[in-house]
Amino acid sequence: MMLRLSVKDILNKIKAEEPFHAVAEDYSFTLKIESYSYYICGAVHDGHQFRKELWDNCLHTEYDRWYEEDPATRQMVQSHPIVIAGCDSRFEYDLNRAPDKAIYEDAWGKKLWKKPLTPQLKERSLQKHFNFYQVVHALVSKIESKYGAAIVYDIHSYNWRRWDREVPVINLGTTNIDTHRFGKWVDSWRDTLSRIKLPHGIETTAAINDTFQGNGYFLKYITKHFDKTLVLATEFSKIYCHELNYIIYPEVVNSIEQELIDLVSKHALSFYESFIAIK
């Protein structure tokens, strides 16, 4: 059963190591913890909600926003024991940017607001950003302290049709990863991703730092504060939808989810067992 909880209640449940499934009191993010496993799945750009008081001032359409969001990324990892996902659109505030850059003035070359947002409007959004990272910090701290290490699968998507060259189905961004310590697990994750089987004859290709380099704040924040946690920024090209026609292909999303059930859990176990062996 999903509960509606305050951030304080969520933090208390994590501290007590209590399994739960909750939406934040302000409906800005969800967190499911079936068990306190050594790995976490995140989908910070899954959200599409957009505060109504911002509608009339926004120059981008709902489709414009959807096009730049990462729809269905939470569903791709929803079967795993720990899943944290954003509910709000990145056009309100971007969880993958630092607080001082989380509210866009323009987005992908187009001005976002008819008139500048008031400090009060910005603060309402930034409070949700702050709350999310309070929970992220507590969650990663709990897992790292419990197991001595943790691994986070940071799931995103990107618009492949805007590229004028062939791009990978899956891109792994590693610029902010200590590859001296974690390079083995970066390579094994890339190899694991290349084995995903997709319908409709889609040939899975996986590359490192091809389209994106892994510069998101979610990865940077966790890496800065937790030196025994590896964050794998993993971007699926939008082969699971028609990004121009606003159509999701549920059978492709489901296929990705089913493939990741086994592949993520095995990769995470291998990481954890290797870390324990080194200790």
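See the structure above.
These remarks concern the structure in this document. (Residues numbered from 1 in each chain as written. Predicted model: local features only at pLDDT ≥ 70, side-chain atom pairs only at ≥ 80, totals over all residues. Heavy atoms only, no water.)

### Focus: the overall build of the protein chain
Moving on, step 1. Summing up its helical and strand segments, the protein chain has seven helices and 13 strands in all.
Moving on, step 2. In terms of overall dimensions, the protein chain has C-alpha extents of about 55 × 45 × 35 Å along its principal axes.
Moving on, step 3. For the protein chain, the residues scored as buried account for 55% of the 279 residues in total.
Moving on, step 4. The contacts in the protein chain between residues at least 6 apart in sequence include a share of 77% that link residues at least 24 apart.
Moving on, step 5. Within the protein chain, one finds 35 positive and 38 negative side-chain charges whose respective centroids are separated by 4 Å. (Helix = DSSP H or I, 4+ residues; strand = E, 2+ residues; numbered from the N terminus. Buried < 20%, exposed > 50% of the residue type's maximum accessible area, 1.4 Å probe, protein only. Contact = heavy atoms within 4.5 Å. Lys, Arg positive; Asp, Glu negative; His and termini not counted. Charge placed at Lys NZ, Arg CZ, Asp CG, Glu CD.)

### Section: empty space enclosed by the protein
Moving on, step 1. One pass over the structure, following the stated rule, counts two cavities of 30 Å³ or more.
Moving on, step 2. If you add up the space inside the largest cavity, you get close to 50 Å³.
Moving on, step 3. If you trace the largest cavity, you find it lined by Ser28, Val44, His45, Gly86, Cys87, Asp88, Ser89, Arg90, Tyr93, Asp94 and Leu95.
Moving on, step 4. The residue makeup of the lining of the largest cavity, split by class, is four nonpolar, four polar and three charged.
Moving on, step 5. Put simply, the second largest cavity is a space of about 30 Å³.
Moving on, step 6. Broken down by class, the residue content of the lining of the second largest cavity amounts to five nonpolar, one polar and three charged. (1 Å grid on protein atoms, 1.4 Å probe; cavity = no way out; pocket = protein on both sides within 12 Å on 5 of 7 lines; lining within 4 Å. Points joined across faces, edges and corners; volume = space filled by probe spheres on them. Nonpolar A, V, L, I, M, F, W, Y, C, P; charged D, E, K, R; others polar.)

### Brief notes about the nonpolar core
Moving on, step 1. The biggest cluster of nonpolar side chains holds 84 residues, and the ones touching the most others in it are Leu31 and Tyr153.
Moving on, step 2. Once you skip the residues sitting within four places of it in the chain, Leu31 turns out to touch Ile10, Ile14, Phe20, His21, Ala22, Ile82, Val83, Ile84, Val135 and Leu139. (Core = buried A, V, L, I, M, F, W, Y, C linked by side-chain atoms within 4.5 Å.)

### A look at the environment of Ile256
Moving on, step 1. With respect to the helices and strands, the residue Ile256 is situated in helix H7 (residues 250-278).
Moving on, step 2. The exposure class of Ile256 is buried, given its relative accessible area of 0%.
Moving on, step 3. With 114 residues separating them in the primary sequence, Ile256 and Lys142 have C-alpha atoms 28 Å apart.
Moving on, step 4. Non-local contacts of Ile256, meaning those with residues more than four positions away in its chain, are made with Met76, Leu198, Phe236, Ile239 and Tyr240.

### Here's the deal with the packing of helix H1 (residues 7-15) against helix H4 (residues 119-147)
Moving on, step 1. Between H1 and H4, the least distance of the axes is 10 Å, while the angle of their chain directions is 5 degrees. Between H1 and H4, the angle is such that the two are roughly parallel. Residues Val7, Ile10, Leu11, Ile14 and Lys15 of H1 form the contact with H4, whose participating residues are Asn131, Gln134, Val135, Ala138, Leu139 and Lys142. (Axes fitted to C-alpha atoms, helices over the stretch in contact; angles between N-to-C directions. Parallel < 35°, antiparallel > 145°, perpendicular 65-115°, else oblique.)

### Describing the packing of aromatic side chains
Moving on, step 1. Evaluation of the coordinates by the stated rule reveals 24 aromatic pairs.
Moving on, step 2. On the numbers, 4.4 Å between centres and 40 degrees between planes, the contact of Trp66 with Tyr246 is tilted. Remark: Tyr246 occurs in the loop between strand S12 (241-242) and strand S13 (247-248) and Trp66 occurs in helix H2 (residues 62-68); sequence separation between them is 180 residues.
Moving on, step 3. Residues Trp163 and Phe212 carry aromatic rings whose centres are separated by 6.2 Å and whose planes lie at 85 degrees to one another, so their mutual orientation is edge-to-face. One end of the pair, Trp163, is in the loop between strand S8 (150-158) and strand S9 (170-173); the other, Phe212, is in the loop between strand S10 (206-208) and helix H6 (217-225), and 49 residues separate them in sequence.
Moving on, step 4. Classification of Trp163 as partly exposed rests on a relative accessible area of 26%.
Moving on, step 5. Grouped by ring-pair contacts, the aromatic residues Phe29, Phe132, Tyr133, Tyr217, Phe218 and Tyr221 constitute a single cluster.
Moving on, step 6. A cation over an aromatic ring shows up here: Lys238 above the ring of Trp66, its NZ or CZ 6.0 Å from the ring centre. (Phe/Tyr/Trp six-rings, centres within 6.5 Å; stacked < 30°, edge-to-face > 60°. Lys NZ or Arg CZ within 6 Å of the ring centre and 35° of its normal.)

### Some remarks on the state of the cysteines
Moving on, step 1. Counted according to the given criterion, the structure contains zero disulfides.
Moving on, step 2. We note that Cys41 lacks a disulfide partner, and the nearest cysteine sulfur, in Cys87, lies 16 Å from it.
Moving on, step 3. Overall, the relative accessible area of 0% leaves Cys41 in the buried class.
Moving on, step 4. Cysteine Cys241 remains unbridged, with the sulfur of Cys87 as its closest cysteine sulfur at 19 Å.
Moving on, step 5. Under the relative-accessibility criterion, Cys241 is labelled buried at 2%. (Disulfide = S-S within 2.5 Å.)

### Quick word on the pattern of salt bridges
Moving on, step 1. Under the definition given, this model contains 18 salt bridges.
Moving on, step 2. With a closest N to O distance of 2.7 Å, Glu18 and Lys13 form a salt bridge.
Moving on, step 3. Classification of Glu18 as partly exposed rests on a relative accessible area of 33%.
Moving on, step 4. Connected through salt bridges with shared partners, the residues Arg51, Glu53, Asp88, Glu92, Arg124 and Lys128 form a single ionic network. (Salt bridge = Lys/Arg side-chain N within 4 Å of Asp/Glu carboxyl O.)

Function cannot be inferred from these measures alone, as they are strictly geometric.
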